[in-house]
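Residues per chain, in single letters:
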Amino acid sequence: MKHILQTIFFFIFPLSFVAQTGVLSGKVSNAANGILVFPAKVSIVELQQLKAVDLDGRFIFEALAPGIYTVKFTAPGFEDKIQSEVLITNARPTELNVELEEKVQTSKDVKVSAAPFQRKAESPNSLKTLSATEIERLPGANRDVSKVIAALPGVAARASFRNDIIIRGGSPGENKFYLDGIEVPNINHFATQGSSGGPVGLLNVNFIREVEFYSGAFPANRANGLSSVLSFKQKDGNKDGLITNFALGSSDAALTFDGPIGQKGDFIFSVRRSYLQFLFAALKLPILPTYNDYQFKFNFQLDPKNKLSIIGLGALDQFGLNTSVNDGLTDTAQVEYNNFILGNLPQQGQWNYTMGAVWQHSSKSSIQTVVASRNMLNNRAYRYKDMIEEPQNLLQDYTSFEAENKLRFEHTYLKNGWRWNVGVGYEYAKYFSDTYQKLTIFGQPAVIDFESTLNLHKYAAFSQLSRTILNERLRLSLGLRMDGTSYSAEMRNPFKQFSPMFSASYRLTENWAINTNIARYHQLPAYTILGYRNAAGELVNQQNGVRYIQADHFVLGTEYLLKWNARVTLEGFYKKYNYYPFSIEDSISLANIGSDFGVVGNEPVSSTSSGRSYGAEFLYQQKLYKGFYAVLAYTWVRSEFLDKNNVYVPTSWDSRHIVSLTGGKRFKNGWEFGMRWLFSGGAPYTPYDIATSSLSANWDVNGIGVLDYTQLNTARESSFHQLNIRVDKKLYLKQFNMNFYFDVQNAYGYKAQLAPILLVETDANNQPVIDPNDPTRYQTKLLENASGLLQPTLGIIIEFITKKAK
């Protein structure tokens, strides 16, 4: 097969176009002030090539064979730095702009070797980084950044096509996302309002240079997260000419352009259009999602000390129903399942955007940063009984928007081993909701009908001081943060949301360290909670005394660096939750909600729920070494919240055992093979209250079963496991690259057994069958709910220079 493909490729593209070379260039600067470093040396480890930077701190390597390289940076008075898995192609000159940290002046000459793994004093543990190369090649992810995260320790995989990010037993609504320092409320299409999940990632992988994943030890300047913070760093545009990239994958087609803007600027811009609706129709699925998105970044180096970056991200999503899904189907169970989905899943239209600017000014020993941004989400969902759009059949009609305007200032000072970051933030937010819904409350049919407008001011102050002592063996960091909002008197006082943080890392030997972090974090409840009103127009949850959610983190771990670009880490963690929203109607913690389409928190709550999550993580991570790479992550986790009887019960995220095994090999001539195996223990679920559900007065309201919360999460789904395989073939032609890949998701076709679906028996006319023993009830039955499809994908990525800069 390999030789056949090579013959075809070389027949299509003349030999004169093959075996071209690439360029690596960039600059080396001081992390403290952005000033270019001279003298400094840059080496390509695999080629044993070494070059010194020029007087402007710049370097260039030419005539490099396309491939993956490790680049090392050294300079007198600075810590060494290694950049692993740097991709060199002939179509795109690769630029590396690297910041070096000054060495601490000590009485002894202590040897600390550079490693390809990032170390931060404020986050010595619970921090993982992924490069663009690692993201693009991951089997089963299909270049979806949100799916890539599931390969990291502590992240549970679920047997669904959603990208819910479940980290260390926390709900999907406990994660925060930053794009070049600008907060982005959600990174998925078809976002669940009040949470963070969705079926398809919103970010274009062509933009991503690096991802920093914090499952603990969050920096003080990153707000409102309880389980994780993900910081995405984007690439800059190409400065040597206009480059076009076209990618065709499993669910969408993407077109990306990047190039220079005059002598001091560059840009990168992309648009994507999905054809997921055609794939779902071919697979005979009852839903038809369609999405479109755009993303851009503009950079302007105003002068040597001032840089301005402008970014944008937006999406337009339509969620329709496949009313012809049962045509030609003879499987009765599948028809019943499809009818259940068609009858109970709302049709949805959603759009959102985030736009912002980052201005950075460099001084002698400090950097000042100003971040201004605006984001907005508009959400519409509606549902009619039996899909007959008549006024009397309306079951749900929901319209909402959230808009946030944010301003943040940061000052970062670095000198002689000290690092001090201090800043303030302000935010003006507006929320609107128009809600109509028929449902069952306390076992009785009910109607919710209200309109709400909410205006909020939010403010924050933060500071973090870090220092390396004891001949660079001990790193200490102390952080403080305070948040407040105008929502209520309880939340207006920022001292009530006082968040201290402390981290320490002690290096026992050159390669072995012990790390710890103790911190408190606060998160503002979702706008759907804050803006909920009763029929009289009163803010119900303001009267209920809702407040910031609080989580205390305790983490202790160790890290050992190996000689072959690898490391082993072991961490134990404990999270204690307080003031979590508790549903007054269902008597459950909202910590159990957030992994489905729709809205979370649009109901009366009280801030009275408490819980805990604890466990241990093991990670073996090997960067590319002699053509091989591997990641083995295992997490044992327990996630529990107190129920209405003050007894700890498992949450919906209590997977207990999580395994991710990823490995691959790069061969010669552009071939690469990779695999990833995932395992997560079965998630808990709550059985149906069949007695209440079968009442015709309840079933006729919205045609869905009522859960029995007296048996909260007493049942479990089957364990989930899946094997993903990917084969890549890269061609490096003259000013032209092609990457063909074949990706198989769920290679052995495993089907996980999820929570069963409660249905009523129907007659030949599709009408509910009345229970002969009780005419007030319908006859019910449970339908098996299995999830898992073998999904092969053939994709292509083409990149070429369309115009060189003069």
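Computed from a predicted model, the values in this text were never measured in an experiment. (Residues numbered from 1 in each chain as written. Predicted model: local features only at pLDDT ≥ 70, side-chain atom pairs only at ≥ 80, totals over all residues. Heavy atoms only, no water.)

Asks: Please give an account of helix H5 (residues 332-344) that cites residues and values.
Replies: Taking 1.5 Å of rise per residue, 13 residues should cover 18 Å, and H5 covers 18 Å from first to last C-alpha, within 8% of that figure. Looking at H5, one finds that the buried residues are Asn338, Phe340, Ile341, Leu342 and Asn344. Against the buried residues of H5 lie strand E20 (287-303), strand E21 (306-321), strand E23 (366-384), helix H10 (696-702) and strand E41 (752-760). (Helix = DSSP H or I, 4+ residues; strand = E, 2+ residues; numbered from the N terminus. Expected span 1.5 Å × (residues − 1). Buried < 20%, exposed > 50% of the residue type's maximum accessible area, 1.4 Å probe, protein only. Contact = heavy atoms within 4.5 Å.)

Asks: For the pattern of salt bridges, give the residues involved together with the corresponding values.
Replies: Scanning the model with the defined rule gives 42 salt bridges in all. Note that Asp236 is salt-bridged to Lys297, the shortest N-O span being 3.1 Å. Remark: Lys297 occurs in strand E20 and Asp236 occurs in the loop between strand E16 (228-234) and strand E17 (241-248); sequence separation between them is 61 residues. Across the salt bridge formed by Arg408 and Glu410, the nearest N and O atoms sit 2.8 Å from each other. Each member of the pair, Arg408 as well as Glu410, carries the same accessibility label: buried. Via salt bridges that share partners, Arg612, Arg638, Glu640, Asp654, Arg656 and Arg716 belong to a single interconnected network. (Salt bridge = Lys/Arg side-chain N within 4 Å of Asp/Glu carboxyl O.)

Asks: Any details on the packing of aromatic side chains? Residues and values, ideally.
Replies: Under the defined criterion, the tally for this structure stands at 20 aromatic pairs. Centroid distance Phe59 to Phe73: 5.9 Å. Interplanar angle 65°. Geometry classified as edge-to-face. Placement of the pair is Phe59 in strand E4 (residues 58-64) and Phe73 in strand E5 (residues 67-74), with a sequence separation of 14 residues. Measuring from ring centre to ring centre gives 6.0 Å for Tyr614 and Trp636, while their planes differ by 65°; the resulting arrangement is edge-to-face. Placement of Tyr614 in strand E32 (residues 605-625) and of Trp636 in strand E33 (residues 628-642) is noted, with a sequence separation of 22 residues between them. What makes Tyr614 partly exposed here is its relative accessible area of 22%. In this structure Trp636 comes out as partly exposed when scored by relative accessible area, which is 34%. Grouping aromatic residues by their ring pairs yields a cluster made of Phe267, Tyr294, Phe296 and Phe298. Just above the ring of Tyr178 sits the side chain of Arg222; from NZ or CZ to the centre is 4.6 Å. (Phe/Tyr/Trp six-rings, centres within 6.5 Å; stacked < 30°, edge-to-face > 60°. Lys NZ or Arg CZ within 6 Å of the ring centre and 35° of its normal.)

Asks: Lay out the sheet that holds strand E2 (residues 41-44) in plain terms, naming residues and giving numbers.
Replies: One open sheet accounts for four strands, arranged E3-E2-E5-E6; its pairing is antiparallel. Every interior strand has two partners, whereas the edge strands, strand E3 (49-52) and strand E6 (81-88), have only one. Strand after strand, the sheet turns through a mean of 25° between neighbouring axes, direction not considered. Bridge analysis of E2 against E3 gives four bridges, and the strand direction is antiparallel. Residue Ser43 lies in a different strand from E3, and its bridge partner there is Leu50. (Pairing = 2+ DSSP bridges. Axes fitted to C-alpha atoms, helices over the stretch in contact; angles between N-to-C directions.)

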